[in-house]
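So you can see what is in the structure, the chains are spelled out below.
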Amino acid sequence: GKTTPVIQLPPTQSLLQHVGIMGSTIQDEIWVGAQPDYITVYNHLTTFIKERYHRDDMAFRELTSDFIREFDFYLRYDLQSSHNTVWVYTMPVLALAELAIKKGLIRDNPFQDYEINMEETDRGYILKEDVEKLMMCVPPHPRYELVKDLFIFSCFIFYKYTPLYKHLSQNS
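In every chain, residue numbers begin from 1 and rise along the written sequence. Totals for whole chains, interfaces and linings use all residues, but because this is a predicted model, local features are given only for residues with pLDDT of at least 70 and pairs of side-chain atoms are given and counted only at 80 or more. The side-chain numbers reported here are obtained from all heavy atoms of the structure, hydrogens and water having been left aside.

1. A look at the overall build of the protein chain
Part 1 of the argument: Each helix and strand counted, the protein chain has seven helices and zero strands in total.
Part 2 of the argument: Throughout this description, buried means an accessible area under 20% of the type-specific maximum (1.4 Å probe, protein chains only), exposed means over 50%, and partly exposed covers the range between. By residue count, 35% of the 172 residues in the protein chain fall in the buried class.
Part 3 of the argument: In the structure as shown, the protein chain presents an accessible area of about 11,400 Å², 53% of it carried by carbon and sulfur atoms. Working definition: helices are DSSP H or I runs of at least four residues, strands are E runs of at least two. Numbering for both runs from the N terminus. The Shrake-Rupley method, run with a 1.4 Å probe sphere, supplies the accessible areas, and residue values consider only the shown protein chains as cover.

Structure (structure tokens):
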């Protein structure tokens, strides 16, 4: 199974630096499935801080419950993210806040009055027959063959296709 990497926070008190550290630590641990989420969270936080606060970064002491609510609003309304996507992007910030409290960088939990849970969704499933048809398909371009193979492989191992494809594309 996956193990949570041990993340060491340096003495700096910059929020975005720490999110970047968490993302690169996960990348270093080859926790491929989670690493793209941290990069996306980092990018969303960077844009949010620039648009809302007109700065490039902020101190941990500025990570307040108001900040969390505003970031939630930004994800939902400015980016039009679904509820579960907001949950996915908020969890790394929650983990970072918990770590910052533990390390003494902030005193109060900014998530104390914030609650979000993953909503159950009814997803469609690909049928065995459809996978078999796809396996017989001959793509018109050699590059599509890799995409097809990665997708079929992800079906058999029950792994998200996108992180797998991005990881292999970056290393080829």
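2. Things to note about the packing of aromatic side chains
Part 1 of the argument: Working definition: a ring pair exists when centres of Phe, Tyr or Trp rings (six-membered ring for Trp) sit within 6.5 Å. Plane angles under 30 degrees give stacked, over 60 give edge-to-face, the rest tilted. The final tally for this structure, using the stated rule, is nine aromatic pairs.
Part 2 of the argument: Summarising the aromatic geometry, the rings of Phe111 and Tyr114 are spaced 5.7 Å apart at their centres and angled 75° between planes, so their arrangement reads as edge-to-face. The exposure classification of Phe111 matches that of Tyr114, with both residues buried.
Part 3 of the argument: Taken together, the aromatic side chains of Phe48, Tyr53, Phe67, Phe71 and Tyr74 make up a single cluster linked through ring pairs.
Part 4 of the argument: Remark: a charge is flagged as sitting over a ring if the NZ atom of Lys or the CZ atom of Arg is within 6 Å of the ring centre and within 35 degrees of the ring normal. Of note, Arg52 hangs over the ring of Tyr53, and the distance from its end group to the ring centre comes to 5.2 Å.

3. Remarks on the pattern of salt bridges
Part 1 of the argument: Salt bridges are defined as contacts in which a side-chain nitrogen from Lys or Arg sits within 4 Å of a carboxyl oxygen from Asp or Glu. Tallying each qualifying case throughout the model produces six salt bridges.
Part 2 of the argument: The salt bridge involving Glu132 is made with Lys128; its shortest N-O contact spans 4.0 Å. Of the two residues, Glu132 and Lys128 are both situated in helix α5 (residues 128-136); the distance of four residues between them amounts to about one turn of the helix.
Part 3 of the argument: By relative accessible area, which is 38% here, Glu132 ends up partly exposed.
Part 4 of the argument: In this structure, Glu145 and Lys148 form a salt bridge, with 3.3 Å as the shortest nitrogen-oxygen distance. Linking Glu145 with Lys148, this pair stays in helix α6 (residues 142-157), spanning three residues, or about one helical turn.
Part 5 of the argument: You can call Lys148 buried: its relative accessible area is 10%.

4. Brief notes about the confidence of the model for the protein chain
Part 1 of the argument: Within a predicted model, pLDDT stands for the predictor's per-residue confidence, ranging from 0 to 100. The predicted model of the protein chain has a mean per-residue pLDDT of 76, with 70% of residues at 70 or higher.
Part 2 of the argument: Taken element by element, the protein chain is modelled with least confidence in helix α1 (residues 15-28), mean pLDDT 51, and with most confidence in helix α3 (residues 65-78), mean pLDDT 96.
Part 3 of the argument: Per-residue pLDDT stays below 50 along residues 1-12; that stretch engages in 25 contacts with residues further than four places along the chain or on separate chains.
Part 4 of the argument: Any two residues whose heavy atoms approach within 4.5 Å are treated as being in contact. Counting contacts from residues 22-33, a segment whose pLDDT is below 50, to residues more than four positions away or on other chains yields 27 contacts.

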